[in-house]
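A structural walkthrough
The primary structure of each chain is shown beneath.
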Amino acid sequence: MYIAMNRFRVNPERVEEFEQIWLERETHLQGLPGFEAFHMLRGPEREDHVLYASHTVWRSREDFEAWTRSEAFRKAHASAGQSKREGLYLGPPNFEGFEVIQTVDNEETTP
């Protein structure tokens, strides 16, 4: 399993706009080979930003990398650099990729 995360530092005055963009966007992820789940996470508020992280779970790193070269990836990121979003982010997203080395499931919720 591979987890791909992007952390975003968002202008506190534009949090509603940021969340609306993400809630309304087409992810183009459903049905892709190896895609398992997507989460957008709201983190702590700091004085100058609110931290968010997008979190995708993939069957393997290879599946994630194949997606980054796909037409679905290009469609999902087509509006990423729009000038109307100037000032929304405090810097570019910070990407982090993780190979899962251990998973612990709750036996009561695992089918």
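Data block above holds the structure.
Below you will find a few notes about this structure. (Residues numbered from 1 in each chain as written. Predicted model: local features only at pLDDT ≥ 70, side-chain atom pairs only at ≥ 80, totals over all residues. Heavy atoms only, no water.)

**So, the environment of D63**
- Position of D63 relative to the elements: it lies in helix 2 (residues 61–68).
- On a C-alpha basis, the gap between D63 and F35 in space is 7.4 Å, while along the polypeptide they are 28 residues apart.
- In contact with D63, other than residues within four places in its own chain, are P33, G34 and W58.
- Of the polar contacts made by the side chain of D63, one reaches the side chain of R59; its length is 2.8 Å. (Helix = DSSP H or I, 4+ residues; strand = E, 2+ residues; numbered from the N terminus. Contact = heavy atoms within 4.5 Å. Polar contact = N/O pair within 3.5 Å; in protein donor to acceptor, adjacent residues only side chain to side chain.)

**Regarding the packing of aromatic side chains**
- Taken as a whole and assessed by the stated rule, the structure comprises 14 aromatic pairs.
- On the basis of an interplanar angle of 55° and a centroid distance of 5.7 Å, the ring pair of F8 and F18 is categorised as tilted. Placement of the pair is F8 in strand 1 (residues 2–10) and F18 in helix 1 (residues 15–24), with a sequence separation of 10 residues.
- On the accessibility criterion, F18 (0% relative accessible area) is buried.
- Arranged with centres 6.1 Å apart and planes meeting at 65°, the rings of W58 and F64 form a pair that is edge-to-face.
- Residue class for W58 comes out buried when judged on its relative accessible area of 0%.
- An aromatic cluster is present here, built from Y2, F35, W58, F64, W67, F73 and F95 joined pairwise through their rings. (Phe/Tyr/Trp six-rings, centres within 6.5 Å; stacked < 30°, edge-to-face > 60°. Buried < 20%, exposed > 50% of the residue type's maximum accessible area, 1.4 Å probe, protein only.)

**Quick look at the pattern of salt bridges**
- Within the structure shown, the criterion is met by seven salt bridges.
- With a closest N to O distance of 2.7 Å, E19 and R42 form a salt bridge. One end of the pair, E19, is in helix 1; the other, R42, is in strand 2 (residues 35–45), with 23 residues separating them in the sequence.
- Taking relative accessible area as the criterion, E19 reaches 21% and is therefore assigned partly exposed.
- Taking relative accessible area as the criterion, R42 reaches 58% and is therefore assigned exposed.
- Across the pair E99 and R61 runs a salt bridge whose closest N-O atoms are separated by 3.9 Å. Linking E99 in strand 4 (residues 94–99) with R61 in helix 2, this pair joins segments that are 38 residues apart in sequence.
- Through salt bridges with shared partners, one network takes in R61, E65 and E99. (Salt bridge = Lys/Arg side-chain N within 4 Å of Asp/Glu carboxyl O.)

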